[in-house]
Amino acid sequence: MTTDEITDLLTKAYIDEFETVMNYQTNAIVLDGIHAEEVKESLEADIQEELDHARILGERLKQLDESPPGSESFEANQHSLQPPEDTTDVQSVIEGVLEAEEAAIETYRSLIEAADDANDPVTEDVAVTILADEEAHRTEFRGFQKEFPMD
Ligand SMILES: [Fe+2]
Ligand SMILES: [Fe+2]
């Protein structure tokens, strides 16, 4: 049985994934400097995974007889992930990514709970699978945060 809470969360997550793709791509392009290379490579790799998440969420919405949204539903939230004025400010991008991954983790945890309550194991499985990827992204960027030189 599906519920409004499930379709709302799937829709929100779908939009968030696209906002993440846009900001990761922008930051992977704009960052400069010797400390930026690894972070840029990692962002490029994660973009493919985030796009895949959006596709899986959209397909689940379709299976539930709903349509994934178009761009008119878009509402931007990732203020801390806007490209930094100082393009060598890799640290601010790392922090922005950690914030975005935390927000995603929270959304997928809510989706797992809603799907469990509604006895919808397929949506629950989708959310668990994506949650594992987001936790891996968080771990990766926690690593960058640790090794990043403080100045
Ligand atoms: Fe994602
Ligand atoms: Fe992620």
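None of these values were measured; they are calculated from a predicted model.

**Points about unusual backbone geometry**
We note that Asp65 has phi near 70°; this positive angle belongs to a residue other than glycine. Here Asp65 lies in the loop between α2 (36-63) and α3 (90-117). Its identity is not glycine, yet Asn119 carries a phi of approximately 55°, on the positive side. For Asn119, the position within the fold is in the loop between α3 and α4 (121-147). Note on Asn119: relative accessible area 63%, which makes it exposed.

**Things to note about the coordination of the iron ion (ligand 2)**
For the iron ion (ligand 2), every protein donor is listed as Glu50 (OE), Glu101 (OE), Glu101 (OE), Glu134 (OE) and His137 (ND1), and the spread of their distances is 2.0 to 2.3 Å. In this structure, the iron ion (ligand 2) lies 4.0 Å from the iron ion (ligand 1), and both are coordinated by Glu50. Taken together, the residues span about one helical turn, with Glu134 and His137 both in helix α4 at a distance of 3 residues. Judged by its relative accessible area of 1%, Glu134 falls in the buried class.

**A few points about the packing of helix α1 (residues 4-30) against α2**
In the contact formed by α1 and α2, the axes pass within 9 Å of each other and the chain directions differ by 160°. The angle between the axes of α1 and α2 places the two elements in the roughly antiparallel class. Crossing geometry of α1 relative to α2 is assigned as left-handed. Here the residues of the contact of α1 with α2 sort into 14 nonpolar, 7 polar and 6 charged.

**Details of α4**
Here α4 spans 39 Å end to end across 27 residues, near enough to the 39 Å set by a 1.5 Å rise per residue. Residues Thr123, Val126, Ala127, Ile130, Leu131, Glu134, His137, Arg138, Phe141 and Phe144 constitute the buried set of α4.

Conventions used here
- Residues numbered from 1 in each chain as written.
- Chains lettered and ligands numbered in written order.
- Predicted model: local features only at pLDDT ≥ 70, side-chain atom pairs only at ≥ 80, totals over all residues.
- Heavy atoms only, no water.
- Helix = DSSP H or I, 4+ residues; strand = E, 2+ residues; numbered from the N terminus.
- Buried < 20%, exposed > 50% of the residue type's maximum accessible area, 1.4 Å probe, protein only.
- Donors = N, O, S within 2.8 Å, 3.2 Å for Na, K, Ca; no water.
- Axes fitted to C-alpha atoms, helices over the stretch in contact; angles between N-to-C directions.
- Parallel < 35°, antiparallel > 145°, perpendicular 65-115°, else oblique.
- Left-handed = near helix turned anticlockwise from the far one by under 90°.
- Nonpolar A, V, L, I, M, F, W, Y, C, P; charged D, E, K, R; others polar.
- Expected span 1.5 Å × (residues − 1).

Just geometry here; none of it tells us what the structure is for.
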